[in-house]
Amino acid sequence: MSVPRKSIAYNGMFAFFDKAYTALSSLLLVPFLVHSLGMEVYGTWIVLTTVASYFALGNCGVIFSYEKYIAHYGAKDEIDSLRRFIATAFYGSLALGLGIFLVSLIFSPIVFRFLLKNDSLGGNATIFILLMIYVSLSLGSTIITSVPKGMQRYDFASVISIFARTLYIVAVVVLCIRGMGLMSIVIGQYIYLIVTTGLSFAVAKRFFMGLSLDFAFFDYSMFKMMLMFGLKMQVSLLSVLITQSFDKLVIAYFLGVRLVAVYDIGSRLIIFLKDVPSFLFASITPRTSELHAREDRKKLQMLYLRGTKYLSIVCLGLIPLLFPVADTILSLWMHRTIDPFSVYVFQVLLFSTMFNATTGLGTSIGIGIGRPGSIAYSNIVMALVNIAGSLTLYYAFGPKGLVWGTAAGLVVSTVFYYLLLNRDMHIPEREFWVSVLLFPLIANALAVLFLAAIRGVVQELPLLGLTGALRAYVAIGINSIVALVVSGGIYALARFITLKEVTPYLPFLKRDR
């Protein structure tokens, strides 16, 4: 099989466009939905999608194996194995999807009766059923959309995703304006599913002429292999899901769906921010799978150390940019006065989530080398600390305690994961922490302290008589400049990163000799 693969930098660029577009479009869509639907209905939608996410865990994590094994078989030019893998994944996923749907039909009434107490889903029962059908079909679709990525053609995958995402947004906005409520979101999701699946299949057929979904290619032993790999990763997914949604379920049970919406506004922006830096490692899994197949440990270690170093600069660098002006950012985003609890959620989760986001590249490498166990163990720790901490602190401090329980789980699991992955990668602990994370942590902590100290002075500045949104944008700009100067100055003084070091990874800086 001859597939013109692209470099990490090339794939990373397109992955970035896709991630950035998804994040930015979502940022614009959420305020529209809140204003159009109202806080109560929007909170109900969050509860519906959260419960659906738990039922979706019935996929057994098989989707995590798709890109890895497509890249693996492609690198070894094992055409027959690749054909059997895709067909097996397709039919196996459809079977799992059917199981998920049937289980949700049986148990969802019990779940919602417990969670919402006297509140009834009412007309939203149909919405939930359609949502679960979408979740089930998406499972079968994922293997198709994974083929271009596994073949390291993120250019095609990203363009398809962006196009489908645009159609989704247009459909949601138009239908929502026409008064279709939550049904507008569901219809938009189906449009996205149909477009991405159809176009991805066409691209897959172009690069893999032997692609066939004939059931005769189904291989039970191969499906068992996917299940074994996926179940290890599923533990991680469950833990991440608990981290992102456990607080919302507790709030829904004790305080109602409106406060769920308030919490979501503060936490959702953090999730978007965590996803944006992922362009640095979005295309890493197929590449690391190839390096692992070739037993090139040295390149894997260099990729891990340097990549995590750059990622830590980006992720931790967002903290001083956003923490001091959190209330201003949320108000501008939502075009309304923000509940103080949303601001509190944003600030507490900002550091812990960005610190956890530094593991993103290491996680992709762990999947690529077939070592998902470390990811699973660390995420189990995250879930346990989150549940225990959130419940304990809720009874002690109310809703604010929930946020600190989540933050504690993120920080503890991050440290634990690095300990496990460094062992798997044969990296000395001291070398890793000193050369990768120490300076970004110090630089951005000092930047936050400095900005907090001068915030009052900045707020009192006349700013050329500006008022309203324009004044807010200028204040955010001043905060960003100061944050970059302080943290950048520390990096420069410590010579933590140099232009010579990064030039090989930035093709536009190279000069022909």
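Everything numeric here is computed off the predicted structure, so don't read it as measured data.

Some words on the nonpolar core
Thought 1: Of all hydrophobic cores here, the largest spans 132 residues; its most connected members are F85 and Y304.
Thought 2: In this structure, I313, I490, Y491 and F496 belong to the second largest nonpolar core, which totals five residues.

Things to note about the layout of surface pockets
Thought 1: When its volume is computed, the second largest pocket comes out at roughly 440 Å³.
Thought 2: Residue lining of the second largest pocket: 19 residues in total, with L24, L27, L269, I329 and W333 positioned closest to the centre.
Thought 3: Elements with a minimum of two residues in the lining of the second largest pocket: α1 (8–37), α9 (257–275), α12 (326–334) and α18 (468–494).
Thought 4: For the lining of the second largest pocket, the element with the highest residue contribution is α1, accounting for seven residues.
Thought 5: Of the residues in the lining of the second largest pocket, the class split is 18 nonpolar, one polar and no charged.

Re the environment of T353
Thought 1: By secondary structure assignment, the location of T353 is in helix α13 (residues 340–357).
Thought 2: Among the residues examined, T353 registers a relative accessible area of 8% and is labelled buried.
Thought 3: C-alpha separation for the pair T353 and I319, spaced 34 residues apart in sequence, amounts to 9.9 Å.
Thought 4: In contact with T353, other than residues within four places in its own chain, are I270, K274 and L410.
Thought 5: A polar contact of 2.7 Å, which involves the side chain of T353, links it to the backbone oxygen of L349.

Some remarks on the confidence of the model for the protein
Thought 1: Of all residues in the protein, 87% attain a pLDDT of 70 or more, and the chain-wide mean is 83.
Thought 2: By mean pLDDT, the top-scoring element of the protein is α13 (92), and the lowest-scoring one is helix α19 (residues 499–502) (62).
Thought 3: This model gives residues 506–513 a pLDDT under 50, and the stretch forms five contacts once residues within four places in sequence are excluded.

Observations regarding unusual backbone geometry
Thought 1: Phi angles above zero are rare outside glycine, and H335 is one such case at about 60°.
Thought 2: Looking at the secondary structure, you find H335 in the loop between α12 and α13.
Thought 3: A relative accessible area of 62% means that H335 is categorised as exposed.
Thought 4: A positive phi angle, near 60°, is found at H426, a position not held by glycine.
Thought 5: Relative to the helices and strands, H426 resides in the loop between α16 (399–424) and α17 (429–460).

Rules behind the numbers
Residues numbered from 1 in each chain as written. Predicted model: local features only at pLDDT ≥ 70, side-chain atom pairs only at ≥ 80, totals over all residues. Heavy atoms only, no water. Core = buried A, V, L, I, M, F, W, Y, C linked by side-chain atoms within 4.5 Å. Buried < 20%, exposed > 50% of the residue type's maximum accessible area, 1.4 Å probe, protein only. 1 Å grid on protein atoms, 1.4 Å probe; cavity = no way out; pocket = protein on both sides within 12 Å on 5 of 7 lines; lining within 4 Å. Points joined across faces, edges and corners; volume = space filled by probe spheres on them. Helix = DSSP H or I, 4+ residues; strand = E, 2+ residues; numbered from the N terminus. Nonpolar A, V, L, I, M, F, W, Y, C, P; charged D, E, K, R; others polar. Contact = heavy atoms within 4.5 Å. Polar contact = N/O pair within 3.5 Å; in protein donor to acceptor, adjacent residues only side chain to side chain. pLDDT = per-residue confidence, 0-100.

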